Amino acid sequence: MSALLELQGLNSFYGPVQVHFELSLEVRQGQIVCLLGGNASGKSTTMKSILGLQRPRSGSIRFDGADITGLPTPRIIRRGIGSVPEARRLFPAMTVRENLLMGAYARSDKPGIAADEARVLALFPRLAERLAQRAGTMSGGEQQMLAMARALMGRPKLICMDEPTMGLSPLFVDRVLELIQAINREGVTVFMVEQNASLALAIAHHGYVLQAGRIALQGAAGDLLQDHRIRDAYLGGAATG
Ligand SMILES: Nc1ncnc2c1ncn2[C@@H]1O[C@H](COP(=O)(O)OP(=O)(O)O)[C@@H](O)[C@H]1O
Ligand SMILES: [Mg+2]
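As the structure is a computational prediction, the values presented were derived from the model and not from experiment.

## Here we look at the site of ligand 1
Next, step 1: Within the structure, ligand 1 sits among Tyr14, Val19, Gly37, Asn39, Ala40, Ser41, Gly42, Lys43, Ser44 and Thr45.
Next, step 2: The element best represented in the shell around ligand 1 is helix H1 (residues 43–50), accounting for three residues.
Next, step 3: Classifying every residue of the shell around ligand 1 by side-chain character gives three nonpolar, six polar and one charged.

In structure tokens form, the structure reads like this:
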């Protein structure tokens, strides 16, 4: 297995404030990789860097064999990276179907788009029932599904998700995690940011822990779940059994 995405020695700043310190990580083809870490540790900035929304001062980002550091976001997306941003960022006044088709804006192959719409709706039957509904009137969980479905419409090789379970009811949290696994089984590599370490590690292959802009810990998801440092910091210590 080779790395589909590789971050090498990123140093990122907001003005004078450094947010990433020599940040390196890789996401292997076919895997679900999660980036864990507390508030303000630099997780969302990592996503923004991959998508070309925040340019690192130094370091490189390679995707699918090419250097994408500093490329404009639309070009990065066209290379095969789909994004499910923090807080979902749908077009609330547009219908479910219109939002879905926005995910295919960079494509011109109409038959392919129609086929993908059918494929995506089969994965998200809840959206199929609500195609004419305005996105802004749906529940948080449904909006999260729509954001995932929209990203899939770009036919990405890699999908990046920033806190996909944030603010969802427990039922929808489980559903969203199942869908992430289903997307991955269809061959899409997943890189997800989560604050909820136990949930993310339960579905991931590999995990990284970011602490104040540095990778503090990494490993196979099963090993990290057992690691006392993770348990103490994110899983409530021994109390979680
Ligand atoms: N646009 C911005 N301008 C200035 N500082 C920012 C900006 N975005 C994030 N930061 C700061 O960078 C640090 C990392 O933020 P972020 O990557 O959003 O962390 P996380 O997603 O892990 O909570 C935080 O201290 C945050 O306040
Ligand atoms: Mg964040």
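## Here's the deal with helix H4 (residues 110–123)
Next, step 1: Taking 1.5 Å as the rise per residue, H4 with 14 residues should run 20 Å; its terminal C-alpha atoms sit 20 Å apart, in good agreement.
Next, step 2: Along H4, the positions that sit buried rather than exposed are Asp116, Glu117 and Val120. Projected onto a plane normal to the axis of H4, the buried residues spread over an arc of 110 degrees and lie on a single side. Seen from the buried face of H4, the exposed residues on the opposite side, beyond 90 degrees, are Pro111, Ala114, Ala115, Ala118 and Ala122.

## Overview of the domain arrangement of the protein
The figure often quoted for interface size is the accessible area lost as the parts come together.
Next, step 1: Annotation of the protein at the domain level lists domain 1 (3–80 + 159–240) and domain 2 (91–155).
Next, step 2: At the interface, 14 residues of domain 1 touch 10 residues of domain 2.
Next, step 3: Elements that contribute at least two residues to the side of domain 1 that touches domain 2 include exactly helix H2 (73–78) and helix H7 (170–185).
Next, step 4: Per element, the largest residue contribution to the side of domain 1 that touches domain 2 is six residues, and it comes from H7.
Next, step 5: Residue composition of the side of domain 1 that touches domain 2, by class: 10 nonpolar, two polar and two charged.

## Focus: the sheet that holds strand S10 (residues 214–220)
Next, step 1: Read from one edge of the open sheet, six strands run S6-S7-S8-S3-S9-S10, paired in mixed fashion. The strands lining the two open edges of the sheet, one partner per strand, are strand S6 (81–84) and S10. The sheet shows a mean angle of 15 degrees between the axes of neighbouring strands, taken without regard to direction.
Next, step 2: Bridging between strand S3 (residues 32–36) and strand S9 (residues 206–211) involves four bridges; their strand directions are parallel. Note on S9: the bridge partner recorded for Val33 is His206.

Definitions and limits used
Residues numbered from 1 in each chain as written. Chains lettered and ligands numbered in written order. Predicted model: local features only at pLDDT ≥ 70, side-chain atom pairs only at ≥ 80, totals over all residues. Near = placed C-beta within 6 Å. Helix = DSSP H or I, 4+ residues; strand = E, 2+ residues; numbered from the N terminus. Nonpolar A, V, L, I, M, F, W, Y, C, P; charged D, E, K, R; others polar. Expected span 1.5 Å × (residues − 1). Buried ≥ 20, exposed ≤ 12 C-beta atoms within 10 Å, placed from the backbone. Arc of directions from axis to C-beta. Domains from an automatic or database assignment. Contact = placed C-beta atoms within 7 Å. Pairing = 2+ DSSP bridges. Axes fitted to C-alpha atoms, helices over the stretch in contact; angles between N-to-C directions.

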